[in-house]
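Residue strings, one per chain:
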Amino acid sequence: KEFEEDNALLVTQRFGLGPFSGPDTDLQTLVAVSTHPVTSGKISIGNAVVALGREHTGKTATVLRREQRITAFIDDQLAADLVIDPTRRYQPKQR
């Protein structure tokens, strides 16, 4: 019981400090989730073509996009994690 009372005091102190910090907007608005068929080892995202590797041809990639950052998964495995270079259309596979 002493722990609960001490914990309550700490919680009261914490809330006295103000709101928790975090993103200014809802995360769902920051991250877009989509699926893309892998053709010839690549996927198209907007104007960019992202290389994932020919071994993934015929599979479906699940892509998380936040601004220019792309994270692609195939069969629950990370296939790519990169920042799109807006000066080029083709985004090579990161090594």
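First, a word on what this report is: a plain description of the structure on this page. All values derive from a computational prediction rather than experimental measurement.

What counts as what
- Residues numbered from 1 in each chain as written.
- Predicted model: local features only at pLDDT ≥ 70, side-chain atom pairs only at ≥ 80, totals over all residues.
- Heavy atoms only, no water.
- Core = buried A, V, L, I, M, F, W, Y, C linked by side-chain atoms within 4.5 Å.
- Buried < 20%, exposed > 50% of the residue type's maximum accessible area, 1.4 Å probe, protein only.
- Helix = DSSP H or I, 4+ residues; strand = E, 2+ residues; numbered from the N terminus.
- Contact = heavy atoms within 4.5 Å.
- Pairing = 2+ DSSP bridges.
- Salt bridge = Lys/Arg side-chain N within 4 Å of Asp/Glu carboxyl O.

1. Description of the nonpolar core
Proteins that are soluble and globular tend to have nonpolar side chains buried together.
Here's step 1: Counting residues in hydrophobic clusters, the biggest one holds 15 residues, and the most contacted among them are Ile43, Leu52, Ala61 and Val63.
Here's step 2: Of all the elements in the fold, those that place two or more residues in this core are strand 2 (42-45), strand 3 (48-51), strand 4 (60-66), strand 5 (69-74) and strand 6 (77-83).
Here's step 3: Those residues within four positions of Ile43 in sequence are excluded, and the remaining contacts are His36, Pro37, Val38, Ala48, Val49, Val50, Leu52, Ala61 and Val63.

2. Focus on the pairing of strand 5
Regular strands have side chains that alternate between both faces of the sheet.
Here's step 1: Here 5 bridges tie strand 4 to strand 5, and the two strands are oriented antiparallel to one another. Counted as the bridge partner of Arg66 is Arg69 from strand 5.
Here's step 2: Count of turn residues in the strand 4/strand 5 antiparallel hairpin: 2 residues, of which Glu67 carries a positive phi of about 55 degrees.
Here's step 3: As judged from the 6 bridges shared by strand 5 and strand 6, these two strands associate in the antiparallel manner. By the bridge assignment, Thr71 is partnered in strand 6 with Asp81.
Here's step 4: Counted between consecutive antiparallel strands, the loop separating strand 5 from strand 6 contains 2 residues, among which Asp75 sits at a positive phi close to 50 degrees.

3. Re the pattern of salt bridges
Here's step 1: A full pass over the atoms with the stated rule returns 3 salt bridges.
Here's step 2: In this structure, the salt-bridge partner of Lys59 is Asp75, at a minimum N-O distance of 3.8 Å. Highlighted residues: Lys59 in the loop between strand 3 and strand 4 and Asp75 in the loop between strand 5 and strand 6, separated in sequence by 16 residues.
Here's step 3: When its relative accessible area of 32% is taken as the criterion, Lys59 is described as partly exposed.
Here's step 4: Take Asp75: its relative accessible area is 57%, and that puts it in the exposed class.

4. Describing unusual backbone geometry
Here's step 1: The phi angle at Asp75 is positive, at roughly 50 degrees, despite the residue not being glycine.
Here's step 2: We note that Asp76 has phi near 65 degrees; this positive angle belongs to a residue other than glycine.
Here's step 3: Relative to the helices and strands, Asp76 resides in the loop between strand 5 and strand 6.
Here's step 4: On the basis of relative accessibility, which here comes to 74%, the residue Asp76 falls in the exposed class.

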